[in-house]
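Geometric and topological summary
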Amino acid sequence: RKYIATLKNPEAILEDRERWDIDVSPLALEWLCNEGFGEDIAYTIDTDSFSASPDTQIVNNLGTAKARPVFVVVFNTASSITAIKIGNDTSGQQLQVTTSISNGDAFIFDTELGTVTKNGVPVAFTGSFLNLLVGFNTLRYTVTGSSFSMAVTVKWKRRWR
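Quick caveat: nothing in here was measured; it's all calculated off a predicted structure. (Residues numbered from 1 in each chain as written. Predicted model: local features only at pLDDT ≥ 70, side-chain atom pairs only at ≥ 80, totals over all residues. Heavy atoms only, no water.)

Right, let's get into the overall build of the protein chain. Of regular secondary structure, the protein chain possesses zero helices and 16 strands. Within the protein chain, the proportion of its 161 residues that are buried is 33%. Residue pairs at least 24 apart in sequence account for 74% of intrachain contacts in the protein chain once pairs closer than 6 positions are excluded. For the protein chain, the accessible surface area stands at approximately 9000 Å², while carbon and sulfur atoms represent 53% of it. (Helix = DSSP H or I, 4+ residues; strand = E, 2+ residues; numbered from the N terminus. Buried < 20%, exposed > 50% of the residue type's maximum accessible area, 1.4 Å probe, protein only. Contact = heavy atoms within 4.5 Å. Areas by Shrake-Rupley, 256 points an atom, 1.4 Å probe, with all protein chains shown as cover.)

Below, the structure written as structure tokens:
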């Protein structure tokens, strides 16, 4: 786990050092952890494929605090697609992008950075960034258009209080 903390007493780094402490330096450091969250270093990843709308995916956040997911959505095929909406039925949050979507288009809905991109270019969106609540979350993907197939990867870092 990774915690973001600030050294509270930097003056103490060499404060207790004696002149005979050549190889060692006794440390009495204090840390201030403002965020109060521990976070995994590696991502938990869940993938799925969809060709019907709406469709759902269930993911399990095993942390003890809300997680900020990153969604990678790649359209393998797309015919007359005009919008994609991702919702978390568990929290009630939704995020939508309305744009023309073609074969091979890749979207990244990044709640860690607060960005949405299509093929690496920022795009406008409506709604709010999704959180994964503690436990099971039902994610709903709604695509507006005639036919499509897409692959979805959801990744998040578990967080602890």
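From this point on, the discussion continues.
A few words on the pattern of salt bridges. Per the counting criterion, the structure on display carries three salt bridges. Arg140 is paired through a salt bridge with Asp89; the nearest N and O atoms lie 2.7 Å apart. With a gap of 51 residues between them, Arg140 in strand β14 (residues 135–144) and Asp89 in the loop between β8 (81–88) and β9 (93–101) connect regions that are remote in the sequence. Accessibility expressed as a relative area gives 32% for Arg140, which makes it partly exposed. Residue Asp89 is classed as partly exposed on the basis of its relative accessible area, which comes to 40%. Between Lys118 and Asp105 there is a salt bridge, with the nearest N and O atoms lying 3.8 Å from each other. (Salt bridge = Lys/Arg side-chain N within 4 Å of Asp/Glu carboxyl O.)

With respect to the secondary-structure elements, Asp105 resides in the loop between β9 and β10 (106–110). Those residues in contact with Asp105, other than ones at most four positions away along the chain, are Val73, Val74, Phe75, Ser100, Lys118 and Asn119. In this structure the side chain of Asp105 is engaged in a polar contact, spanning 2.7 Å, whose partner is the backbone nitrogen of Ser102. At 2.9 Å, the side chain of Asp105 and the side chain of Asn119 are in polar contact. (Polar contact = N/O pair within 3.5 Å; in protein donor to acceptor, adjacent residues only side chain to side chain.)

Moving on to the packing of aromatic side chains. Enumeration over the complete set of coordinates arrives at five aromatic pairs. With centroids separated by 6.3 Å and ring planes inclined at 65°, the aromatic side chains of Phe75 and Phe148 adopt a geometry described as edge-to-face. Here Phe75, found in strand β7 (residues 70–79), pairs with Phe148, found in strand β15 (residues 147–156); they are 73 residues apart in sequence, far enough to count as distant. Residue Phe148 is classed as buried on the basis of its relative accessible area, which comes to 9%. For the ring pair Phe107 and Phe109, a centre distance of 6.2 Å and an interplane angle of 20° mean the geometry is stacked. Clustering of aromatic rings is evident, with ring pairs tying together Phe75, Phe107, Phe109 and Phe148. (Phe/Tyr/Trp six-rings, centres within 6.5 Å; stacked < 30°, edge-to-face > 60°.)

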